[in-house]
Amino acid sequence: MLELSRVSASYGSVPAILDVSIAVGEGEAVGLLGANGAGKSSTLRAISGLLKLSSGAVRFAGTDLAAMPAYRIPELGIAHVPEGRQVFPEMTVEENLEIGAYVPKAKAARAQTMELVYGIFPRLAERRRQLAGTMSGGEQQMLAVGRGLMLKPRLLMLDEPSLGLAPVMTDVTFEKIGEIHGMGTAILLVEQNVSRALSLVTRAYVLESGRIIMHGTSAELAGNRQVQAAYLGI
């Protein structure tokens, strides 16, 4: 469904990712692992059209994403939940969710999708009239994921969903992501909590200094001594 072929991109003269090739199949859960600055978030930004390619190709369901403006890419069914949640603090939970359904296909089913989101995240239903900026970090993360789901995506890209969360909220967040994947939504997960990521995805790519240095199933990577030493602290 999603295919990156030898993609390179830079921030000005500073290389971000180099010759990156990854794939995500329909309904699959795939991880992007690596240390800070490895190029994980830049890879997601390249898919979303927020970081222009220097070379290579990005295709989704046969469509060339590099040829499209960034604001059109969500119409294909790609939702990007960025690092740091980035909810609209002066707007209510419900208003934040409504913004997620701005493309015509999603807008037509907005009421039904919102009830689905409230079913996955009951706490959002309880706080639907609350300003997003007054919520806890974990609740804001739920809202950010819920806003992504309002797009009715075929692919949900999550950038560091457990960042800054207490362990109990990390557990809840990963449980909910598992539920979403179980409903048939493909997941591309960027996560520094490698052990948790590998418990959710079926396979993953490891980035280092903007390059893919390793790729394998979750079991293979969890048992790899290089991954254990570098990312699992073993």
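Residues numbered from 1 in each chain as written. Predicted model: local features only at pLDDT ≥ 70, side-chain atom pairs only at ≥ 80, totals over all residues. Heavy atoms only, no water.

With that out of the way, let us pick up the nonpolar core. Ranked by internal contacts, the top residues of the largest apolar core, which has 44 residues, are Phe 121, Leu 124 and Leu 156. With five residues, the top contributor of residues to this core is helix α6 (residues 137-149). Phe 121 has contacts with Met 142, Val 145, Gly 146, Leu 149, Lys 176 and Ile 180, leaving out every residue within four places of it along the chain. Listed in part, the 29 residues of the second largest apolar core include Ile 17, Leu 65, Met 68 and Val 190. (Core = buried A, V, L, I, M, F, W, Y, C linked by side-chain atoms within 4.5 Å. Buried < 20%, exposed > 50% of the residue type's maximum accessible area, 1.4 Å probe, protein only. Helix = DSSP H or I, 4+ residues; strand = E, 2+ residues; numbered from the N terminus. Contact = heavy atoms within 4.5 Å.)

Before going further, it helps to spend a moment on the confidence of the model for the protein chain. Taken as a whole, the protein chain shows an average pLDDT of 93; of its residues, 98% reach a score of 70 or greater. The secondary structure element of the protein chain with the lowest average pLDDT is helix α10 (residues 225-232), at 73, and the one with the highest is strand β8 (residues 186-190), at 98. (pLDDT = per-residue confidence, 0-100.)

Let us look at helix α2 (residues 93-100). The complete set of buried residues in α2 reads Val 93, Glu 94, Asn 96, Leu 97 and Gly 100. With its buried residues spanning 160 degrees around the axis, α2 presents them on a single face. Contacts from the buried residues of α2 go to α4 (110-120), α5 (122-126) and α6. (Arc of directions from axis to C-beta.)

All right, on to the side chain of Gln 140 then. In this fold, Gln 140 is placed in helix α6. Among the residues examined, Gln 140 registers a relative accessible area of 16% and is labelled buried. Residue contacts for Gln 140: discarding those within four places in its chain leaves Arg 85, Val 87, Ala 132, Gly 133 and Met 135.

Moving on to the pairing of strand β9 (residues 203-208). Across the six residues that make up β9, a large majority, five, are buried. Note that strand β3 (residues 29-33) and β9 share four bridges and pair parallel. Opposite Leu 33, over in β9, you have Val 206 as the bridge partner. Bridge count for β9 against strand β10 (residues 211-217) is six bridges, and the pairing is antiparallel. When the bridges of β10 are listed, Val 206 appears paired with Met 214. In sequence, β9 turns back onto β10 through a hairpin of two residues, with Ser 209 there showing a positive phi of about 50 degrees. (Pairing = 2+ DSSP bridges.)

What follows concerns the sheet that holds strand β4 (residues 53-60). Read from one edge of the open sheet, four strands run β2-β1-β4-β5, paired in antiparallel fashion. Strands at the two margins of the open sheet, each flanked by one partner only, are β2 (14-24) and β5 (63-64). Examined bridge by bridge, β4 and β5 share two bridges and lie antiparallel to one another. Its bridge partner being in β5, Phe 60 is matched across the sheet by Thr 63.

Let us now look at the environment of Val 194. Following the sequence through the fold, Val 194 ends up in helix α8 (residues 194-200). Taking the C-alpha atoms as reference points, Val 194 and Glu 179, separated by 15 residues in sequence, lie 19 Å from one another.

Looking now at the side chain of Ser 42. By the element assignment, Ser 42 lies in helix α1 (residues 40-48). Excluding residues within four positions of it along the chain, Ser 42 makes contact with Tyr 11, Ala 16, Ile 17 and Leu 51.

Another aspect to go through is the sheet that holds strand β7 (residues 155-159). Within the open sheet, the six strands sit side by side as β6-β7-β8-β3-β9-β10. Their pairing is mixed. Each of the sheet's edge strands pairs with one partner strand only, and the pair in question is β6 (78-81) and β10. With direction set aside, neighbouring strand axes in the sheet form an average angle of 15 degrees. Sheet topology note: the β6/β7 ladder contains four bridges and is parallel. Along β7, the bridge assignment pairs Val 81 with Leu 158. Taken strand by strand, α1 contacts β3, β6, β7, β8 and β9, and its axis lies near 145 degrees from that of β7. (Axes fitted to C-alpha atoms, helices over the stretch in contact; angles between N-to-C directions.)

Right, let's get into unusual backbone geometry. Even without glycine at this site, Ala 61 takes up a positive phi of about 50 degrees. Residue placement: Ala 61 occurs in the loop between β4 and β5. Phi angles above zero are rare outside glycine, and Ser 209 is one such case at about 50 degrees. Given the relative accessible area of 59%, Ser 209 is considered exposed.

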